[in-house]
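One-letter residues, chain by chain:
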Amino acid sequence: MRELCALTDIPNCEALAFPYTDKQTLVVTRRGLRAWAYVNRCPHAGVPLEWQENRFMSLDGSQLQCSTHGALFNVDNGYCTWGPCQGRSLQSLPIVIENGVIYLME
């Protein structure tokens, strides 16, 4: 397991990027006491999602959004609900939360 951060380091209904591989980052998004992690790569264009550093959320804060084409993704399962990759999903990564700390399962 690799420690990413404390759950409370991610503001509620927001997301943060973390190193994943030499060429990619991962994004972790939080809702209350739950969190989800995805490879930071749009399934349509293969580009990082954020439009500015750690800016992943739609304007209303309800979904992850790709900055390139505006695709929207459910926070809890990565499923694209709108945009050019509709029906596809972000690549999910396994995490656990123990004692308020988020760990990536490797």
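Source: prediction; values computed, not measured. (Residues numbered from 1 in each chain as written. Predicted model: local features only at pLDDT ≥ 70, side-chain atom pairs only at ≥ 80, totals over all residues. Heavy atoms only, no water.)

Trainee: Would you explain the nonpolar core in this entry?
Mentor: Across soluble globular proteins, you tend to see nonpolar side chains buried next to one another. Membership of the largest hydrophobic core comes to 16 residues, with the highest contact counts inside it found for Leu49, Phe56, Leu64 and Phe73. Ignoring anything within four residues of it in the chain, the contact list for leucine 49 reads Asn40, Arg41, Cys42, Phe56, Gln65, Cys66, Ser67, Phe73 and Leu90. Of all hydrophobic cores here, the second largest spans 15 residues; its members include Cys5, Ala37, Ile95 and Ile102. (Core = buried A, V, L, I, M, F, W, Y, C linked by side-chain atoms within 4.5 Å. Buried < 20%, exposed > 50% of the residue type's maximum accessible area, 1.4 Å probe, protein only. Contact = heavy atoms within 4.5 Å.)

Trainee: I would appreciate a short explanation of unusual backbone geometry in the present structure.
Mentor: The phi torsion of most residues other than glycine is negative, and most of the peptide bonds are trans. A positive phi angle, near 65°, is found at cysteine 13, a position not held by glycine. Inspection of the secondary structure assignment puts cysteine 13 in the loop between β1 (2-6) and β2 (15-19). (Helix = DSSP H or I, 4+ residues; strand = E, 2+ residues; numbered from the N terminus.)

Trainee: Could you clarify how one ought to interpret the side chain of asparagine 40 in this entry?
Mentor: Residue placement: asparagine 40 occurs in the loop between β4 (34-39) and β5 (64-65). Engagement of the side chain of asparagine 40 in a polar contact is seen with the backbone nitrogen of leucine 49, the distance being 2.8 Å. Residues contacting asparagine 40, with those up to four places away along its chain left out, are Thr25, Leu26, Val27, Val47, Pro48, Leu49, Glu50 and Phe56. (Polar contact = N/O pair within 3.5 Å; in protein donor to acceptor, adjacent residues only side chain to side chain.)

Trainee: Honestly, the environment of aspartate 22 in this entry has me stumped. Any pointers?
Mentor: Topologically, aspartate 22 is positioned in the loop between β2 and β3 (25-31). The exposed category is assigned to aspartate 22, whose relative accessible area is 84%. For the pair aspartate 22 and leucine 49, spaced 27 residues apart in sequence, the C-alpha separation works out to 17 Å.

Trainee: What is the right way to read the sheet that holds strand β7 (residues 80-82) from this model?
Mentor: Across a sheet, strands are paired by hydrogen bonds formed along the backbone, either parallel or antiparallel in direction. With antiparallel pairing, the 3 strands of this open sheet are ordered in space as β5-β6-β7. Looking at which strands have only one partner, the edges of the open sheet turn out to be β5 and β7. Two elements, β5 and strand β6 (residues 72-73), share 2 bridges in a ladder whose sense is antiparallel. Considered in β6, the bridge of leucine 64 is made with phenylalanine 73. (Pairing = 2+ DSSP bridges.)

Trainee: Looking at this structure, how should I read the sheet that holds strand β8 (residues 92-93)?
Mentor: Spatial ordering of the open sheet is given by β2-β3-β4-β8, a layout of 4 strands whose pairing is antiparallel. Since the sheet does not close on itself, it has two edges, and those belong to β2 and β8, each with one partner. Relative to β8, β4 runs antiparallel, the two sharing 2 bridges. Across the sheet, the residue bridging to tyrosine 38 is serine 92, located in β8.

So, to be careful, I would describe these as geometric facts and stop short of saying anything about function.
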